[in-house]
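Below are the chains, spelled out letter by letter.
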Amino acid sequence: MEKFHENRAGAPSPGVLLDIRNLVTEFRTDSEAVKAVNDVSFQVKAGETVGIVGESGSGKSVTSLSVMGLIPNPPGEVTGGEIIYNSREDGPVDLTKLSEKQKRKYRGNEIAMIFQEPMTSLNPVFTCGEQVMEAILRHKKYPNPKRSDGFKTFIANWIVQFCVFIAISILAYSWATAPGKNAPPEVQEQAVIVSLILDSIVLAFFVALVIVYNYRRHKMGIRNGLRFYSPAEKKAREITMRLFEQVKLPDPKRIFEAYPHQISGGQKQRVMIAMAMSCNPQLLIADEPTTALDVTVQKTILELMKDLQAEHNMSIMFITHDLGVIAELADRVMVMYKGKIVEQGTVLEIFSNPQHPYTKSLLACRPPLTRRLHWLPTVSDFMRTDEMGNIIQNEQSVHEVTYNLVVTEQERRMQHQQLYSKEPVLSVKNIETHFVTSKNIFGKPIKVVKAVDNVSFDVYPGETLGLVGESGCGKTTLGRSILRLIEPTGGQVLYQGKDITKLSANDLRAMRKDIQFIFQDPYSSLNPRITIGNAIMEPMRVHNIGKDERERKQIVLDLLKRVNMNPSHFYRYPHEFSGGQRQRICIARALALNPKFIICDEMVSALDVSVQAQVLNLLNELKKEFGFTYIFISHDLSVVKFMSDRMVVMQEGKIEEMGDADAICDNPQREYTQKLINAIPKGELDDIRASMSQKRMREQAF
């Protein structure tokens, strides 16, 4: 192993934990080599939080994967530069020079990573507790392990199974050797006695097994009561339970024995944090750990990371596309664009006086809570690139660009007078959607979840009604119940005077031509085996739109242009597009049927803030052009405010608050609404200063 204390020229500066120098990471294709990370240099000091910000494709995640040694080769490879890590055991080492076996000593042990998508990062066939234990056992974070421990545990686990096999064999033998009816009476009597003795032994064994199983399951919290742990595994289990308590998971015993699909997104992310913290790392790399989470869950995750950092004096490399998230967490910020760092500085410097146009665009494109804009600024409002790839920048500041976009109170008042002078196009009356989660032996429901509970509201032609709330509040179920994608339990849904809940299958299919649904995940809602052109044409064929295939194809080509896609994309497949492009394709598919009403379900929650701004602007342009009416569903109150005329706040299946979107954001009447507003990362200078002060207090407390 190469150690840099033997070569003083390579040693990092005092207090520096990670020193990345001129890093180059390439991905090779048949035709070219793409530099995903191009000559990147920065340092991470001990106890410091460094934020890396940029859009998808900027190189921020590839930088973190290069540090972890997780770049897939082929096609990727670190082709230049140094990654000097100051190990607590070995001193300075260049991670790029280590073999795969040597990297494992640091990966997960001294350098840990929280991946972007916990559902795909956690193994679905192992419990959450077992997966955290594996990391602890792999790096031997328990005292005095013995060689015989594994053998003893193996014998203990197999002897139970062996005894069960013997017991079943005895029963089978007793049944197979029973004398027939024609056997002498004394033989039958002896056989009955022997059978009773064997049956009693087997029964006693199974009773003991049940007692042991229930005791270990209910008293010791072991889901599989017949699973025996070695001393090392017992210690790893104790450490795991402690970690689950430390990351504030509710009911750690249940989470330990639960599989990933049985817990919520926020809980899965906490399990990932516990796994990353299991070996007390010096450096924690967090790659988009809060993307697509509710703002309230996001806030608790960020607070948790701050507490853990202060307690363990840990450095954090936090990667995100949202500068608002970085504002209240990072000490220093680096902005990446096309594989290069275009700007870096302290968090106050970046937010108070951004220099690069790309940084300005990232600050400006997030919907503000304090004012309403006609449309959201995008990267193109601050910069563009010429044919040679050189950046041509607009010298305007963020304030100058957004100043002329503000909607005045008079404009909004006039718009609402026109909207609410008409009759509602959709009336939802006392709608309920219940799910039976448990039945008794006779099939009668004994446990019912009221996902939507007695909800009523109206939607007016040309209006955008926002539905906002945390995951599990019932907003998506409500949207699907309106279209009967989920059958409602009760209530009425009146669309243009017709009750949707009472329509026949044929009438419902015809009505769905007028009301379209844009789903949360565009990738899973597009068929991966057909081109996007055919995906858009498919509903047109069902509803007989267009005289023939040629006319339908022309309509699709026109729609692709309208959603800012290239007509040549007609023949490509969904996997060939980015997340933002796939969402545009789903919008084009919804427009193909000439609908009057569109329900948008969390359609921008997983997109970069810059791409999110483009999609939201497109929806508003289409609304003006075609006169659409929207129900816009999201967990992000700032996004809902920008899009909506009125807002409905939901909690536990009920309406918590309803009214004008601006009025609710400016003066919320309910505590739950205020909680949602407080959880939104705003990126204001006062909030940044307050966060810095809190960090100093945490450090002093620990």
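A. Broad picture of the overall build of the protein chain. Each helix and strand counted, the protein chain has 25 helices and 22 strands in total. Looking at the protein chain residue by residue over its 702 residues, the buried ones come to 50%. In the protein chain, the proportion of contacts linking residues at least 24 apart, taken out of those at least 6 apart, comes to 69%. Here the protein chain has roughly 34,200 Å² of accessible surface; of this, 52% comes from carbon and sulfur atoms.

B. Fine view of the packing of aromatic side chains. Tallied over the entire structure, the rule returns 9 aromatic pairs. Ring geometry for Phe517 versus Phe519: centroids 4.7 Å apart, planes at 40°, classification tilted. By relative accessible area, which is 9% here, Phe517 ends up buried. Aromatic rings pair up to connect Phe626, Phe628 and Tyr630 into one cluster. In this structure, Arg237 packs its charged tip against the face of Phe256, placed 4.4 Å from the ring centre. The positively charged end of Lys553 is found above the aromatic ring belonging to Phe570, 5.3 Å away from the centroid.

C. Representation of the pairing of strand β16 (residues 490-495) in the model. As paired strands, strand β13 (residues 426-439) and β16 are joined by 5 bridges and run antiparallel to one another. Note that in β16 the partner of Lys429 across the bridge is Gln492. For β16 and strand β17 (residues 498-499), the ladder comprises 2 bridges, and the chain directions are antiparallel. Note that in β17 the partner of Leu494 across the bridge is Asp499. Between β16 and the antiparallel strand that follows it, β17, lie 2 residues; Gln496 among them carries a positive phi value of about 50°.

D. Main features of the nonpolar core. Of all hydrophobic cores here, the largest spans 62 residues; its most connected members are Ile587, Met603, Phe632, Leu637 and Met647. For Met603, the residues in contact, after removing those within four places along its chain, are Ile518, Phe519, Gln520, Gln583, Ile587, Val615, Leu619 and Phe632. Core analysis: the second largest hydrophobic core is formed by 53 residues, Ala236, Ile263, Ile316 and Leu329 among them.

E. Highlighting the sheet that holds strand β3 (residues 49-53). Taken in spatial order, the 6 strands of this open sheet run β6-β7-β8-β3-β9-β10, and their pairing is mixed. At either end of the open sheet lies a strand with only one pairing partner, and these are β6 (111-114) and β10 (340-346). On average, each strand axis in the sheet is inclined to that of its neighbour by 15°, with strand direction left out of account. Here 4 bridges tie β6 to strand β7 (residues 283-287), and the two strands are oriented parallel to one another.

F. Looking closely at the confidence of the model for the protein chain. In this model, the protein chain carries a mean pLDDT of 84, and residues with pLDDT of at least 70 account for 89%. Mean pLDDT across the secondary structure elements of the protein chain bottoms out at helix α5 (residues 147-176), with 63, and peaks at strand β15 (residues 464-468), with 95. Ignoring residues within four places in sequence, the model shows residues 1-9, a span with pLDDT below 50, making 20 contacts including any to other chains.

G. Region of interest: the sheet that holds β13. Strands sit in the order β14-β13-β16-β17 across an open sheet of 4 strands; the sheet is antiparallel. Two strands in the sheet have a free side with no partner beyond their single neighbour: β14 (445-459) and β17.

Rules and cut-offs
- Residues numbered from 1 in each chain as written.
- Predicted model: local features only at pLDDT ≥ 70, side-chain atom pairs only at ≥ 80, totals over all residues.
- Heavy atoms only, no water.
- Helix = DSSP H or I, 4+ residues; strand = E, 2+ residues; numbered from the N terminus.
- Buried < 20%, exposed > 50% of the residue type's maximum accessible area, 1.4 Å probe, protein only.
- Contact = heavy atoms within 4.5 Å.
- Areas by Shrake-Rupley, 256 points an atom, 1.4 Å probe, with all protein chains shown as cover.
- Phe/Tyr/Trp six-rings, centres within 6.5 Å; stacked < 30°, edge-to-face > 60°.
- Lys NZ or Arg CZ within 6 Å of the ring centre and 35° of its normal.
- Pairing = 2+ DSSP bridges.
- Core = buried A, V, L, I, M, F, W, Y, C linked by side-chain atoms within 4.5 Å.
- Axes fitted to C-alpha atoms, helices over the stretch in contact; angles between N-to-C directions.
- pLDDT = per-residue confidence, 0-100.

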